[in-house]
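One-letter residues, chain by chain:
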Amino acid sequence: AVRKVYEQHVSNLQKQVMAADSKASEMKLHSQDHSFHMQRQEEEKQELLAQVASGDSQVGRLREDIESTRSNYDKQLAMLTEHICALSAQLSDKDASLASLQAHKIRCWHCGSWGTMGRLLGDGPGNGTCQTCKEKLL
């Protein structure tokens, strides 16, 4: 009877060992599976970090490019502004010179009357003639 109790006890212990071994094997498989998933996620994380670094680098280059372009445009705009101011000054000088020329008095060689160059050179039917005697001067 004692032997049977011990045999039953050993049998129960063997069942418990087998159940524990089975549970340990199952846990080992879960652990390996989790380890594999963690390794895969770590690789994905590293890839994403590399992509972020690449994106940051590209953003930096694009910002430098934009700043360079903006600087070049500002320089061109300043140069064009100076050029327009110079052309405007030249145009004002030409306008003043033309106004002075048109206001210049000229004497008709035929009748001796005085007229302005502006009337003599102007557009219209009396172009190139004296306003008084209508004699052709030009």
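This one's a predicted model, so the numbers in the text were calculated from it and none came from an experiment. (Residues numbered from 1 in each chain as written. Predicted model: local features only at pLDDT ≥ 70, side-chain atom pairs only at ≥ 80, totals over all residues. Heavy atoms only, no water.)

Colleague: How would you sum up the overall build of the protein? Please name residues and give values.
Modeller: Broken down by element type, the protein carries two helices and two strands. Relative to a compact globule of 138 residues, whose C-alpha radius of gyration would be 14 Å, the protein shows 52 Å and is clearly more extended. Dimensions along the principal axes, computed over C-alpha positions, put the protein at roughly 165 × 25 × 15 Å. A fraction of 12% describes how many contacts in the protein between residues 6 or more apart in sequence connect residues 24 or more apart. In the protein, 17 positive and 18 negative side-chain charges are present, and the distance between their average locations comes to 6 Å. (Helix = DSSP H or I, 4+ residues; strand = E, 2+ residues; numbered from the N terminus. Rg over C-alpha atoms; globule rule 2.2 N^0.38 Å. Contact = heavy atoms within 4.5 Å. Lys, Arg positive; Asp, Glu negative; His and termini not counted. Charge placed at Lys NZ, Arg CZ, Asp CG, Glu CD.)

Colleague: Outline a nonpolar patch on the surface, supporting the account with residue identities and numerical values.
Modeller: There is a patch of nonpolar side chains on the surface, built from Leu98, Leu101 and Leu121 and spanning about 250 Å² of accessible area. As for its placement among the helices and strands, Leu98 is situated in helix α1 (residues 2–103). (Patch = residues over 30% accessible without salt bridge, like charges linked within 9 Å, V, L, I, M, F, W, Y side chains within 5 Å. Areas by Shrake-Rupley, 256 points an atom, 1.4 Å probe, with all protein chains shown as cover. Salt bridge = Lys/Arg side-chain N within 4 Å of Asp/Glu carboxyl O.)

Colleague: Break down the pattern of salt bridges for me, citing the residues and quoting the values.
Modeller: Should their charged atoms come close, side chains of opposite charge can pair. Enumeration over the complete set of coordinates arrives at three salt bridges. A salt bridge links Arg3 to Glu7, with the nearest nitrogen and oxygen atoms 3.1 Å apart. A residue pair is termed a helical-turn pair when its members lie 3 or 4 positions apart in one helix, as Arg3 and Glu7 do in helix α1 at four residues. Looking at Glu7, the relative accessible area reads 43%, which means it is partly exposed. For Arg40, the salt bridge identified is with Glu44, shortest N-O distance 4.0 Å. One end of the pair is Arg40 and the other is Glu44, both in helix α1 and four residues apart, which spans about a single turn. (Buried < 20%, exposed > 50% of the residue type's maximum accessible area, 1.4 Å probe, protein only.)

Colleague: Explain the side chain of Ser113 residue by residue, including any values.
Modeller: Within the secondary structure layout, Ser113 lies in the loop between β1 (105–107) and β2 (114–116). Looking at Ser113, the relative accessible area reads 18%, which means it is buried. In terms of polar contacts, Ser113 uses its side chain to reach the side chain of Thr132, at 3.2 Å. Sequence-distant contacts of Ser113, defined by excluding residues within four places in its chain, comprise Ile106, Arg107, Cys108, Cys130 and Thr132. (Polar contact = N/O pair within 3.5 Å; in protein donor to acceptor, adjacent residues only side chain to side chain.)

Colleague: Give me the lowdown on the side chain of Thr129, citing residues and values where you can.
Modeller: Inspection of the secondary structure assignment puts Thr129 in the segment after α2 (117–121). If we ignore the near neighbours within four places in the chain, the residues touching Thr129 are Leu120, Lys134, Glu135, Lys136 and Leu137.

Colleague: Give a description of unusual backbone geometry that names residues and reports values.
Modeller: Backbone geometry at Lys134 places phi at a positive 65 degrees, although glycine is not the residue there. Mapped onto the elements, Lys134 comes out in the segment after α2.

Colleague: Please set out the environment of Leu87 residue by residue, giving values where relevant.
Modeller: With respect to the element layout, Leu87 can be found in helix α1. For Leu87, a relative accessible area of 41% gives the class partly exposed. Put simply, Leu87 and Asn72 are 15 residues apart on the chain and 22 Å apart in space, counted from C-alpha to C-alpha.

Colleague: Any details on the state of the cysteines? Residues and values, ideally.
Modeller: The final tally for this structure, using the stated rule, is zero disulfides. Free cysteine: Cys130, not disulfide-bonded; nearest cysteine sulfur from Cys111 at 3.7 Å. Classification of Cys130 as buried rests on a relative accessible area of 5%. (Disulfide = S-S within 2.5 Å.)

From the geometry alone we can't say anything about function, so treat these as descriptive.
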